[in-house]
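Here is how the chains run, residue by residue.
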Amino acid sequence: MAYYNNRREPVEEEETRIWTCTNDDCQGWMRAAYSFKKKPSCPLCQSDMHAETKLLPKLM
Ligand SMILES: [Zn+2]
């Protein structure tokens, strides 16, 4: 039986390491944790990506 809590859980955010696309016309980015490559290329436009941090909801 599923249990539903009426209390809204606050979304916890944390500084997360991400890769962002270096192409200004592209919105591509990904969590670094999801990339196993040292230097991934953008999944949208194949451009180089650079490391950054972004405030994102914490992963459970
Ligand atoms: Zn891109």
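These numbers were taken from a predicted model, which means no experiment stands behind them.

## Comments concerning the nonpolar core
A general trend in soluble globular proteins is that nonpolar side chains are found buried together.
Logical step 1: Formed by W19, C21, C26, M30, A32, C42 and M49, the largest nonpolar core amounts to 7 residues.
Logical step 2: Setting aside residues no more than four positions away along its own chain, C26 makes contact with C21, C42, L44 and C45.

## Comments concerning the coordination of the zinc ion
Logical step 1: In this structure, C21 (SG), C26 (SG), C42 (SG) and C45 (SG) serve as the protein donors to the zinc ion, at separations of 2.3 Å.
Logical step 2: If you look at the zinc ion, its 4 donor atoms make angles of 99 to 115 degrees with each other, and the shape they trace is tetrahedral.
Logical step 3: We note that the donor set of the zinc ion lies within a single chain, spaced as C-x4-C-x15-C-x2-C. With C26 in the loop between β1 (13-21) and β2 (29-31) and C42 in the loop between β2 and β3 (49-57), the pair connects residues that are 16 residues apart, well separated along the chain. As far as the burial class goes, C26 and C42 line up, both buried.

## Remarks on the sheet that holds β2
Logical step 1: Across the sheet, 3 strands lie side by side as β2-β1-β3; this open sheet has antiparallel pairing. Each end of this open sheet is capped by a strand with a single partner; those strands are β2 and β3. The sheet shows a mean angle of 35 degrees between the axes of neighbouring strands, direction not considered.

## Observations concerning the packing of aromatic side chains
Logical step 1: Tallied over the entire structure, the rule returns 0 aromatic pairs.
Logical step 2: In this structure, K54 packs its charged tip against the face of W29, placed 4.9 Å from the ring centre.

## Quick notes on the pattern of salt bridges
Pairing between side chains of opposite charge can happen when their charged atoms approach one another.
Logical step 1: One pass over the structure, following the stated rule, counts 1 salt bridge.
Logical step 2: Between E12 and K58 there is a salt bridge, and its shortest N-O distance comes to 3.4 Å. On the criterion of sequence distance, the pair formed by E12 in the segment before β1 and K58 in the segment after β3 is long-range, its members being 46 residues apart.
Logical step 3: Exposure remark for E12: the relative accessible area of 49% places this residue in the partly exposed category.

Conventions we followed
- Residues numbered from 1 in each chain as written.
- Predicted model: local features only at pLDDT ≥ 70, side-chain atom pairs only at ≥ 80, totals over all residues.
- Heavy atoms only, no water.
- Core = buried A, V, L, I, M, F, W, Y, C linked by side-chain atoms within 4.5 Å.
- Buried < 20%, exposed > 50% of the residue type's maximum accessible area, 1.4 Å probe, protein only.
- Contact = heavy atoms within 4.5 Å.
- Donors = N, O, S within 2.8 Å, 3.2 Å for Na, K, Ca; no water.
- Tetrahedral: all angles 85-135°; square planar, octahedral: opposite > 155°, others 65-115°.
- Helix = DSSP H or I, 4+ residues; strand = E, 2+ residues; numbered from the N terminus.
- Pairing = 2+ DSSP bridges.
- Axes fitted to C-alpha atoms, helices over the stretch in contact; angles between N-to-C directions.
- Phe/Tyr/Trp six-rings, centres within 6.5 Å; stacked < 30°, edge-to-face > 60°.
- Lys NZ or Arg CZ within 6 Å of the ring centre and 35° of its normal.
- Salt bridge = Lys/Arg side-chain N within 4 Å of Asp/Glu carboxyl O.

These figures capture arrangement, not role.
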